[in-house]
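# Examination of the molecular architecture
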Amino acid sequence: MDDGINCYVVPQTTGTGRNIFQGGSPLQESLPLLGVQLVLIVAVTRVLYFLLKPFKQPRVVSEIMGGIILGPSMLSRNAAFKETVFPARGDPVLHTVATFGLMYVIFLIGVRMDPMLVVRSGKKGVVIGLSGFVLPLAMTAVGFSGAATVAETDVTRRSTVLFALSTSISVTSFAVLSPIMSELNLLNSDLGRTAMSASMTTDGIAWLIMVGYTLAEAFLVSPLTSLWAFLSVAALAAVILFAVRPVALKVIERTPPGKPVDENYVFFFLLIVLLVGFYSDIIGTNSFHGALMLGLAIPDGPPLGTALGEKIDAMVSGLILPLYYAMTGLSTDVWCLHWSRLQLVIFIGWFGKLVGVMVPSLYLEIPLRDAVSLSLFMNSKGIVEVITFNFFLTNKLIGKGTFSVLMCSSVAITAVSVPVAACLYDPARRYAVYKRRTLQHLKADADLRILACVHDQSHVPGTLSVLEASHATPQTPIGLYLLQLVEIAGRSAPVFIPHNPRRNASRIGAPGAPSSDADRIINAFFRHELRHPEGAISVHPFTTISPYASMHDEVCRLAVDKRTSLILLHYHKRHMLAGGAHAAAGLRVVNRKVLEVSPCSVAVFVDRNAGSVGLSSFIPGPMQDYSSSGSSTGSGRPTSAPQFRAAVAALFFGGGDDREAMSYAVRMARHPGVTVAVVRFLPARGIKDDPADRRVDNRAIEEMKALAARSRNMRVKEELVGDMERIVEVLRGLDKAGYDLVVVGMRHRWYPVMPANGLSDWSECPELGVIGDLLASSDFDTPYSVLIMKQQDQAGLNAAVPGAQDLWRSGSVSGPPPRTLSTSGSGHHRQ
């Protein structure tokens, strides 16, 4: 086991040696050497990650492989390279920096963990986690029995190592699985939630085993030592729970909503991490376990969890953690690998976890492909295994040969399992609905279910205006499922919160009512519900806190569960009163993915509310008290609602999306204060279109003309256009005609006009379609709001990529009726 003794003179940190002009080498000093090592490690691992990312390889694989490339397996086999860049004298500094940073990484993992996820997920995660731990533990324990590791001559304290190996192979840690699921954008999926819950279950078991092991080791010394070890661990838990956690809660309480945590508080908790780590090492539980316990005691999310994450993430997670992985790779030598029973037992453990996860998954009615994917994800290896194996190596429990076998096996298992699982699991499959969920196919007297997604308070007036224009009555009710989209911060596992409608409704206008943004948004919709007759509108609020990259999973899952016919999204750019627009890149990611996999029709609302124009200008703001408008009945519902008047233009070029837009306009026309003009664009002679589509469109227009003949609020007009210039001219004419809202489809098959003009080449948002992008653009300066609709894709129908050859047609309707637009009885006139 003697690896040799390296003797060297410890150099000064920096500044005392001779520089290159004096014939010296800066790499003889610790600080320049550490800097070169960091830069080289980060550069190699980032390049590897970039190359392997298309193959769905998690970052941990590229970071360990980067260390292997730099280590004795490849580059460090060259004596000159090793002595220059990774000399033995630099190992203590490299190891100290990496271990120091890793302690903060473990602390941050604890902060971002939410143990209540196991409770919220029900028995599914617990059963899968227990089964996925017990079966591989039993199989590896049998595999390691007898002469399992006789060939491993560098293993000492064989029983202890074999027990620890069996446990580490059987455990799937939250710290390992969470970053992998996050990289693959699967945190919000059903499989992701189940995997997170199952991993937390195994984490709890592993923690109990760790405490038991610590006490058993102490008992070998003496029973009294075991008692002192138990009291020491209990004292640490008590201090964290009854001293540190109350301080954290007090800090959160003193931090005003929306304000950052005071820097002094953040510094205090970062200092506590060092103290807890020091104490944990003294009592023998390892500084990493103490840091994890401390992190679990601090509430996740903003403001404190977010502030700690911001301070730690950039430097520690981005720089020090790759250093730790790479340091592990530097200790791995693939030339020491040899075939033995150890690899066979590792494979048995992998197979045991595969079966242990798959069997209960199938019993709990998880589809076969999803069960296989879940079992493969649960086989992932990462930071926990790396820490365990490094602990073995540092404490001389194993030699570099066995260490290399364990590390290479872990990397191989993760490199194979994760990509295969990601390819097998497609969360969009669950959103494939084979029943029509569109406005066009909705019965006239059926209730309309809308899933409205709001990001902040600026989206409330626009959502309320579309809701009001949709004309909710007890005979044609609207069920509104309100989903607040909140970007995850300070936690790893996404959170889905269903709010209690009765609880929120009872607090509207109450003294001491909540003042948070979320409560104000919800209460604005409850006030809107109270302004209508009972049974006309029902509001069901939810909140999702998740990454933008996977937030669409939550939107589509809720749409499937609630059987909605329409998802209402907001355009990611908000037009400012002073000109220009404020863009939210994360919101655009959500919109694009929802448009791609939505299980029902989707509408994107472009709100141009400039004070006296635009659809949402006729809806009071979210901070106003709606309950004071009109006279109220004993139940708190007003007997009359403020007048709502708006002029709507529905543009019809043809195709399913335009028919969906026209169907929505027909529903709006039922509102006594809404006038609707359907403008059909006809191609000029010489422009060919699809005869089959033309026949379907003609039938829809004839039905629309029949409705217009019986309604004073509707009319149909046709415009003959031959090029894009004429279409743009008609679109600009809508402003002069005084419309508040323009409704149009997203995709069109009326191609001939588009390519000749090259309009799609400069599209800012091609997912909205060519015409949708044109109307939403800040360069197209028009005061009316825009609603861009995409009909549900089904069996390949209308499956063209959003934005590919979309065409807009809109015509100004001459002579609209005089408009008197009023809210709450006060008239606003616009000429």
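Computed from a predicted structure; not experimentally measured. (Residues numbered from 1 in each chain as written. Predicted model: local features only at pLDDT ≥ 70, side-chain atom pairs only at ≥ 80, totals over all residues. Heavy atoms only, no water.)

### Re the overall build of the protein
Across its full length, the protein carries 27 helices and 15 strands. Every one of the 831 residues in the protein was classed for burial, and the buried ones make up 54%. Restricting the contact set of the protein to residue pairs at least 6 apart, pairs at least 24 apart contribute 82%. (Helix = DSSP H or I, 4+ residues; strand = E, 2+ residues; numbered from the N terminus. Buried < 20%, exposed > 50% of the residue type's maximum accessible area, 1.4 Å probe, protein only. Contact = heavy atoms within 4.5 Å.)

### So, the confidence of the model for the protein
For the protein, per-residue confidence averages 76 on the pLDDT scale, and 78% of positions sit at 70 or higher. Across residues 620–641, confidence stays below pLDDT 50; counting only partners more than four residues off in sequence or on other chains, it has 43 contacts. Confidence over residues 795–831 falls short of pLDDT 50; this stretch has 134 contacts with residues more than four positions distant or in other chains. (pLDDT = per-residue confidence, 0-100.)

### Section: the packing of helix α4 (residues 91–112) against helix α12 (residues 287–297)
In a packed pair of helices, the relevant descriptors are the angle between the two axes and the axis-to-axis distance. It is at 6 Å that the axes of α4 and α12 come closest, and there the two elements cross at 30 degrees. Taken as axis vectors, α4 and α12 run roughly parallel relative to one another. The crossing of α4 and α12 is right-handed. Seen from α4, the contacting residues are Thr99, Leu102, Met103, Ile106, Phe107, Gly110 and Val111; seen from α12, they are Ser287, Phe288, Ala291, Leu292, Leu294, Gly295 and Leu296. For the contact of α4 with α12, the per-class residue count stands at 10 nonpolar, 4 polar and no charged. (Axes fitted to C-alpha atoms, helices over the stretch in contact; angles between N-to-C directions. Parallel < 35°, antiparallel > 145°, perpendicular 65-115°, else oblique. Left-handed = near helix turned anticlockwise from the far one by under 90°. Nonpolar A, V, L, I, M, F, W, Y, C, P; charged D, E, K, R; others polar.)

### Side note on the nonpolar core
Of all hydrophobic cores here, the largest spans 107 residues; its most connected members are Leu102, Phe107, Met181, Phe377 and Ile383. Looking at this core, the element that brings in the most residues is helix α13 (residues 304–330), giving 13 residues. Those residues in contact with Phe377 that sit more than four places away from it in its chain are Leu177, Met181, Leu184, Leu186, Leu191, Val418, Ala421 and Ala422. (Core = buried A, V, L, I, M, F, W, Y, C linked by side-chain atoms within 4.5 Å.)

### With respect to the environment of Ala524
Examined against the element boundaries, Ala524 turns out to sit in helix α20 (residues 517–530). Placed 67 residues apart in sequence, Ala524 and Gln457 show a C-alpha to C-alpha distance of 9.7 Å.

### Overview of the sheet that holds strand β3 (residues 495–498)
Within the open sheet, the 11 strands sit side by side as β3-β4-β2-β1-β5-β8-β13-β12-β9-β10-β11. Their pairing is mixed. If you trace the sheet from one side to the other, it starts and ends with β3 and β11 (714–721), each paired once. Taken pair by pair, the neighbouring strands of this sheet meet at an average axis angle of 20 degrees, ignoring direction. Pairing analysis gives 4 bridges linking β3 to strand β4 (residues 537–546), with the strands arranged antiparallel. In the sheet register, Phe496 faces β4, and the bridge partner there is Thr544. (Pairing = 2+ DSSP bridges.)

### Section: helix α16 (residues 383–394)
Between the first and last C-alpha of α16 there are 16 Å, a value that for 12 residues agrees with the 16 Å anticipated at 1.5 Å per step. Here α16 has its buried residues at Ile383, Glu385, Val386, Ile387, Thr388, Phe389, Asn390, Phe392 and Leu393. Residue Lys396 follows α16 closely and has a positive phi angle near 60 degrees. (Expected span 1.5 Å × (residues − 1).)

### Notes on the packing of aromatic side chains
Going through the model one piece at a time under the given rule, you end up with 7 aromatic pairs. For the ring pair Phe268 and Phe269, a centre distance of 5.2 Å and an interplane angle of 75 degrees mean the geometry is edge-to-face. For Phe268, a relative accessible area of 37% puts it in the partly exposed group. Against the face of Tyr49 rests Arg59, its NZ or CZ located 4.4 Å from the ring centre. A cation over a ring is seen here: Arg557 above Phe496, with NZ or CZ 4.8 Å from the ring centre. (Phe/Tyr/Trp six-rings, centres within 6.5 Å; stacked < 30°, edge-to-face > 60°. Lys NZ or Arg CZ within 6 Å of the ring centre and 35° of its normal.)

### Points about the side chain of Asp740
Along the chain, Asp740 falls in the loop between α25 (724–736) and β12 (741–745). What makes Asp740 buried here is its relative accessible area of 0%. At 2.8 Å, the side chain of Asp740 forms a polar contact with the backbone nitrogen of Ala647. (Polar contact = N/O pair within 3.5 Å; in protein donor to acceptor, adjacent residues only side chain to side chain.)

### Remarks on helix α14 (residues 341–363)
When the terminal C-alpha atoms of α14 are compared, their 33 Å separation across 23 residues agrees well with the 33 Å that a helix rising 1.5 Å per residue should span. Within two residues after α14, Glu365 carries a phi angle of roughly 70 degrees, on the positive side.

### What about the environment of Glu554?
Inspection of the secondary structure puts Glu554 in helix α21 (residues 551–562). According to the relative accessible area criterion, Glu554 is buried, its value standing at 0%. A sequence separation of 58 residues divides Glu554 from Phe496, and the C-alpha atoms of the two residues are 8.1 Å apart. Contact partners of Glu554, with chain neighbours within four places excluded, come to Asn188, Arg193, Phe496 and Thr544. Within the local environment of Glu554, its side chain forms a polar contact with the side chain of Arg557, the two groups lying 2.3 Å apart.

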